[in-house]
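# Structural overview for review
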Amino acid sequence: MVWLQGLLCGALVMLAPPTALLMGVLLGPAILAALLDGQPGRPKARSIALFGMAASVDPLRALWVSGHTMPAAAALLGNMHVLGTAWAAAAAGWLLVEAAPVAVRATLEAISISRAARLRVMRAKLAEEWQLDPVGGDL
Amino acid sequence: MANPAPPRPGVALIADRYAVEMGRLLPPVGGLAAFAATDQTTGRTDLMAIRVQRHLPPRPRTLQALSTPIDGLLTPLAHGVTVAQSGSSEEACYVICLAPPGPNLLARPRPWPEAELLECVLRPAAQVLEQLRARGVTHRGIRIENVFQSRPGQPVVLGSAWAAPPTVGQPALFEPPYSAMCLLAGRGEGSIADDVYSLGVLLLCLGLDQAPLAHLDDAAIVRRKLEVGSYAALLGDQRLPPVIGDLVRGMLAEDPEHRPSPGLLLDPASARSRRVAARPPRRAQRAIPMAGVEIWDARSLAQALAVEPEAGVHALTSGAVIQWLRRSLGDALLAARLEDLVRHRALDSLPSDTNGDATLVMRAIAMIDPLAPLCWRGVLLWPDGIGTALAAAQATDADVSLRLQELIALELAGNWAAVRPERCDFAVVRAEARQHHAWLQLSGTGGGEARLCYLLNPLLPCSSKLMGGHWVIRLPELLLALEEAAGRADRKHVQPVDGNIAAFIAARSERRLDNELMALAGGAPDDEACMAQIRILAQLQSRHHKQALPGLAAWLAEQAGPVLATWRNRDSRASITERLQVLAHAGFLAPMLALVGDPVARDTDAREAQWASAELGRIDAELGQIAAGAGSRASLASRLGQEIAAGVGLAMLAIVLAAVAFG
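In this report, the structure presented in the accompanying data block is examined. Bear in mind the structure is a predicted one, so any value in this text is a computation, not a measurement.

### Structural notes on the overall build of chain A
- Looking only at helices and strands, chain A features six helices and zero strands.
- Reading chain A from its N terminus to its C terminus gives the helix and strand order α-α-α-α-α-α.
- In terms of overall size, chain A is more extended than a compact globule, its C-alpha atoms giving a radius of gyration of 26 Å where 139 residues would be expected to give roughly 14 Å.
- Sorting the 139 residues of chain A into buried and exposed places 28% on the buried side.
- Relative to all contacts within chain A whose residues are 6 or more apart in sequence, the contacts with residues 24 or more apart total 65%.

### Considerations on the pairing of strand β2 (residues 18-29) of chain B
- The pairing of β2(B) with strand β3 (residues 32-39) of chain B spans seven bridges and is antiparallel. Across the sheet, residue Ala19(B) finds its bridge partner in β3(B), namely Thr38(B).

### Some details on unusual backbone geometry
- The omega torsion of the bond from Arg110(B) to Pro111(B) falls at 0°, within 30 degrees of zero and hence cis.
- Relative to the assigned elements, Pro111(B) resides in the loop between β6 (91-98) and α2 (114-134).
- At Gln131(A), a position not held by glycine, the phi torsion is positive, near 60°.
- Note that Gln131(A) resides in the segment after α6 (80-130).
- Phi is positive for Arg377(B), close to 50°, though the residue is something other than glycine.
- Position of Arg377(B) among the secondary structure elements: in the loop between β11 (374-376) and β12 (379-381).

### Re helix α14 (residues 354-368) of chain B
Residues and elements named next belong to chain B.
- Across its 15 residues, α14 extends 21 Å between first and last C-alpha, which sits within 8% of the 21 Å expected from 1.5 Å per residue.
- Burial runs high along α14: 11 of the 15 residues are buried.
- For α14, every residue scored as buried is listed here: Asp357, Ala358, Thr359, Leu360, Val361, Met362, Arg363, Ala364, Ile365, Ala366 and Ile368.
- Next to the buried residues of α14 lie α10 (298-307), α11 (309-317), α13 (332-348), β11 and α17 (412-419).

### Structural notes on the packing of helix α16 (residues 398-409) of chain B against helix α18 (residues 426-441) of chain B
Residues and elements named next belong to chain B.
- Direction vectors running N to C along α16 and α18 enclose 115°, while the axes themselves pass 8 Å from each other. Along the contact surface, α16 presents Gln405, Ile408 and Ala409, while α18 presents His436, His437 and Leu440.
- Looking at the contact of α16 with α18 residue by residue, the class counts come to three nonpolar, three polar and no charged.

### Observations regarding the nonpolar core
- Counting residues in each nonpolar core, the largest one holds 205 residues, and the members touching the most others are Tyr18(B), Ala49(B), Ile96(B), Leu203(B) and Ile365(B).
- If you tally residues by element for this core, the top one is helix α4 (residues 192-207) of chain B, at 11 residues.
- When sequence neighbours within four positions are dropped, the list of residues in contact with Ile96(B) reads Ile14(B), Tyr18(B), Ala37(B), Leu47(B), Ala49(B), Pro76(B), Leu77(B), Ala78(B) and His79(B).
- Counting residues in hydrophobic clusters, the runner-up holds 31 residues, among them Ala30(A), Ala55(A), Leu63(A) and Leu76(A).

### Regarding the pairing of strand β4 (residues 47-51) of chain B
Residue and element names in this part refer to chain B.
- For β4, the tally of buried residues reaches four of five residues, placing the bulk of the element in the interior.
- Bridging between β3 and β4 involves four bridges; their strand directions are antiparallel. Bridge assignment links alanine 36 to a residue of β4, and that residue is methionine 48.
- Sheet topology places β4 next to β6; five bridges connect them, and they run antiparallel. The residue bridging leucine 47 from the neighbouring strand is leucine 98, located in β6.

### Brief notes about the interface of chain B and chain A
- Each partner contributes to the interface: chain B provides 35 residues, whereas chain A provides 37 residues.
- It is helix α29 (residues 630-662) of chain B that contributes the most residues to the side of chain B that touches chain A, 19 residues altogether.
- For the side of chain B that touches chain A, the class distribution of residues is 21 nonpolar, eight polar and six charged.

### A short note on α2(B)
Residues and elements named next belong to chain B.
- Along its 21 residues, α2 runs 28 Å from first to last C-alpha, staying within 8% of the 30 Å computed at 1.5 Å per residue.
- Taken together, the buried positions of α2 are occupied by Leu117, Cys120, Val121, Leu122, Pro124, Ala125, Ala126, Val128, Leu129 and Leu132.
- Elements in contact with the buried residues of α2: β8 (157-158), α4, α7 (242-251), α8 (262-265) and α9 (268-273).
- Directly beyond the C-terminal end of α2, a positive phi value near 80° is found at glycine 136.

Each value, and the rule that gives it
- Residues numbered from 1 in each chain as written.
- Chains lettered and ligands numbered in written order.
- Predicted model: local features only at pLDDT ≥ 70, side-chain atom pairs only at ≥ 80, totals over all residues.
- Helix = DSSP H or I, 4+ residues; strand = E, 2+ residues; numbered from the N terminus.
- Rg over C-alpha atoms; globule rule 2.2 N^0.38 Å.
- Buried ≥ 20, exposed ≤ 12 C-beta atoms within 10 Å, placed from the backbone.
- Contact = placed C-beta atoms within 7 Å.
- Pairing = 2+ DSSP bridges.
- Expected span 1.5 Å × (residues − 1).
- Axes fitted to C-alpha atoms, helices over the stretch in contact; angles between N-to-C directions.
- Nonpolar A, V, L, I, M, F, W, Y, C, P; charged D, E, K, R; others polar.
- Core = buried A, V, L, I, M, F, W, Y, C linked by C-beta atoms within 7 Å.

Dropping the structure here:
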């Protein structure tokens, strides 16, 4: 897969150097995350890339509308608004991928605690009614 | 047997008919207290009531056989239980029989003339004995103070001997030596020949001017009779009228088969002519010391071995007895048989086997003197007296009771009979011995010695402490006694069916309740024992006592804790406990049994308890899963969070692309 990605990137650089330059800079954080993310499937890099790509669509359209030249690409890269938006989106993606598991875990724990409490009440009632083990181990 | 009736002041009723007048004490009969009695139906007043002792039960077969009166005999009319004393709640058993028509023969001056002895004593007594023989029973109480005469010249009347086991109250003088040497309560019913012997002693006493052997104790009398023969021992150097002398000589023969039958005695002339040449005991050339006395003949040797079994073992195994028999007594055949016996003992068992030694002595005695009773470790008895001996020993002598149990457990009566088959019905004795052993072997609360004792003594009262002063012979009376005991017993800790009562029920219910009684055995779970107890008493109530027993029912309800605890559902348990109290108040045990033992309800309870248990297991498993699932939840949360982030990113990309495409 890696060689295919390399081939595609090489082809892009050879065939559309302005696009490659623009995307390379705008998706810089995503490329950096892909290099640093060691988890299988690189979930953080994936999220950062998706957010970065969403923010890069408009500048890419502007490059192609303006003739798809290296100066146009350089001009777009020189626009701090374009670069800031793309990198801010990448940062938002990173933030989301870090915060979402924590929120999900908190939710799951709350559900488990509530279920355990309900089960303990049911257990105590059964044990009392049927003369069964009233303690139930270390639950 | 009648149920106790409410007594009038000073008067207690037997069989709802015979009034026992506690205030009018009569001379004791064979050591038993006697009271005046009247028949309230006919107004007859010439009756007496003999009070039975707890450990010496009356003779059931004789009481039944004598339901039709016999002239010349104080026949029993009824027997039953009533209060022991006026105003007391304690009960006693009485045998009602005719009162003596006059004083006993001790009151008459002696010696009696021959004609009066024949006409007033021998003929009437022989007639009575002949009728007893025809009915298959014996008297075993003929002695001078138990034979009565209304006035001189009238036929004598034989007294009562029904209110205690045979020969209780009978002195050794009037008993054949082989009966006198036995346990007092172990002499058995015997045979009519034993009554002929007692009648012979009576004739002899009346024919002499002084009582024979008055200076000797019972053991010495037995020894003397064995040494020289009963006739010679009793007569000594005195003389009897010739006819009486000849008759008495035959009647006092040591061998019962040599004594004339009662029928023959009805004709004294022919009885006199049928003289059996009773050989005097063969006397040895020199004595052998045994049990502190010098033995000169085989019968005395057998008796000494019986009385001193330990010394007997030594004398037998050392060869001293065999040598004495061969050289001094000149009985080589008996010596050879004994030698074989001792040799077999040495080969068959270990020297330390004390039962083997005791068996050797027992067989040796039976071999030396086939007329001798069964002798086991110093306990002498006739096999048909085992039941009464056991009853007496249980109350008075634990050591003898233990030896009797050994005797039964080893089926020694059969062993003893096998040595002297010509003297008894070997098959019957052996079968009875096996039956007794089987009963003794019955395990459990209602088995063993107590049950055997009740089985062998149908009129023996229940000896449980719970009976208090009650005299309980039959099962219906047991429930009444327990109802009263319920008022004073510690209901929480004392069971209404203790071991003794269980044995009594087992013996009187003819094995119908054996399964329930087995459940009462030690080791059974409390709830099963409790259920068995309720089941037994409920069955007894439904069979024998239709009235309510609220005290006993409340007692059982108190004891029902273990059974109630087996109901798993709390609400069911509470409901059953409440209903049980209501039923106990009503006093009927069958509905209580139906409530606590309801199989459908129990099945439902068990099934639901099983479901509850499974449900509890499921809950425990789920709680365990929750407790152990923190790691997996964290992993899931991480994965879900990343997927959510990716999903949001993808959605934003899609929205932007759509906006670019359409806008």
